[in-house]
Amino acid sequence: MVTSIVFGCGLTATILVALGVVGYLNSPLRKQLLELRGNAERMAFWAAFANVTVVLMPAIFAMSAAPDSAAAMPPLLAIAQQLKWGFVGLVMSVLTMGWILSRFIPKTSVVGVSSQLEKK
């Protein structure tokens, strides 16, 4: 019984942190996607896709770190262990999303930027 409560607390905390990250990144992500995709419907789909991914990936990692009922680990340490793996999944999903977005952002050359600055 205690193992189930510890597992539920760790999973809940992981999902709440992931939802906080989604809330924090949602507005800037939507602006970037609208600029890159140029269409509100596409932007809405990819924002929803990214949000689901950023929540589910840490949850999957946290669920794979289930506390061992046979081990004599204090509940707080068991939750911390589960949170650690949830945060690993969260960082991986955010970094992957950033890397994918960076691949679609048009690159400007340094020469082009400096020549544009000289014209002004």
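Calculation rules
Here the residue numbers are simple positions, counted from 1 along each chain's written sequence. In keeping with the model being predicted, local features are shown solely for residues with a pLDDT of at least 70 and side-chain atom pairs are shown and tallied solely at 80 or more, while totals for entire chains, interfaces and linings include all residues. Calculation of side-chain values draws on the structure's entire complement of heavy atoms; hydrogens and water are dropped beforehand. Residues enter a nonpolar core if they are buried and are Ala, Val, Leu, Ile, Met, Phe, Trp, Tyr or Cys, with the set joined through side-chain atoms within 4.5 Å. Here's how the labels work: a residue is buried when its accessible area is under 20% of the maximum for its type, exposed when over 50%, partly exposed in between, all with a 1.4 Å probe on protein chains only. Elements are defined by DSSP. Helices are runs of H or I of four residues or more, strands are runs of E of two residues or more, and each kind is numbered from the N terminus. Contacts are assigned to residue pairs with any non-hydrogen atoms lying within 4.5 Å of each other. Working definition: a ring pair exists when centres of Phe, Tyr or Trp rings (six-membered ring for Trp) sit within 6.5 Å. Plane angles under 30 degrees give stacked, over 60 give edge-to-face, the rest tilted. The rule is simple: put a 1 Å grid over the protein atoms alone, call a set of points where a 1.4 Å probe fits but cannot get out a cavity, call an open set with protein on both sides within 12 Å along at least five of seven lines a pocket, and count a residue as lining if it has an atom within 4 Å of a point. Grid points are joined across faces, edges and corners, and a volume is the space filled by probe spheres set on the points. Side-chain classes follow a simple rule in which Ala, Val, Leu, Ile, Met, Phe, Trp, Tyr, Cys and Pro form the nonpolar group, Asp, Glu, Lys and Arg form the charged group, and the remainder, Gly included, forms the polar group. Here, axes are lines fitted to C-alpha atoms. For helices the fit covers the stretch in contact, and angles between N-to-C directions go from 0 to 180 degrees. Here is the rule for angles: anything less than 35 degrees is roughly parallel, anything more than 145 is roughly antiparallel, 65 through 115 is roughly perpendicular, and the remaining ranges are oblique. In this scheme the handedness of a crossing depends on how the near helix is turned from the far one: anticlockwise by less than a right angle means left-handed, clockwise means right-handed.

Engineer: Please give an account of the nonpolar core that cites residues and values.
Structural biologist: Grouped together as the largest cluster of nonpolar side chains are 13 residues, with contacts concentrated most on Leu29, Leu33, Val54, Met97 and Leu101. Counting only elements with at least two residues in this core, the list comes to helix H1 (2-37), helix H2 (40-64) and helix H3 (75-104). What methionine 97 contacts, discounting residues up to four positions off in sequence, is Leu25, Leu29, Ala50 and Val54.

Engineer: Quick one: what's the story with the packing of aromatic side chains, residue by residue and with numbers?
Structural biologist: Scanning all chains against the criterion turns up 3 aromatic pairs. Each ring, one from phenylalanine 45 and one from tryptophan 46, has its centre 4.8 Å from the other, and the planes form 75°; the classification is edge-to-face. The exposure class assigned to tryptophan 46 is partly exposed, which follows from its relative accessible area of 40%. Clustering of aromatic rings is evident, with ring pairs tying together Phe45, Trp46 and Phe49.

Engineer: Before we move on, can you summarise the layout of surface pockets with the specific residues and values?
Structural biologist: Taken as a whole, the largest pocket spans an internal volume of roughly 370 Å³. Contributing to the lining of the largest pocket are 17 residues, with Trp46, Phe49, Met97, Ile100 and Leu101 lying nearest its centre. Counting only elements with at least two residues in the lining of the largest pocket, the list comes to H1, H2 and H3. Ranked by residues supplied to the lining of the largest pocket, first place goes to H3 with 7 residues. Among the residues making up the lining of the largest pocket, the classes are represented as 13 nonpolar, 3 polar and 1 charged.

Engineer: Could you give an account of the packing of H2 against H3, with specific residues and numbers?
Structural biologist: Closest axis-to-axis distance for the H2/H3 pair is 7 Å, and the angle between their directions is 150°. On the basis of their axis angle, the class for H2 and H3 is roughly antiparallel. Considering only the axes of H2 and H3, their crossing is right-handed. Packed against H2, whose contacting residues are Ala50, Thr53, Val54, Met57, Pro58, Phe61 and Ala62, the element H3 presents Gln82, Trp85, Gly86, Val88, Gly89, Leu90, Met92, Ser93, Val94 and Met97 at the interface. Classifying every residue of the contact of H2 with H3 by side-chain character gives 12 nonpolar, 5 polar and no charged.

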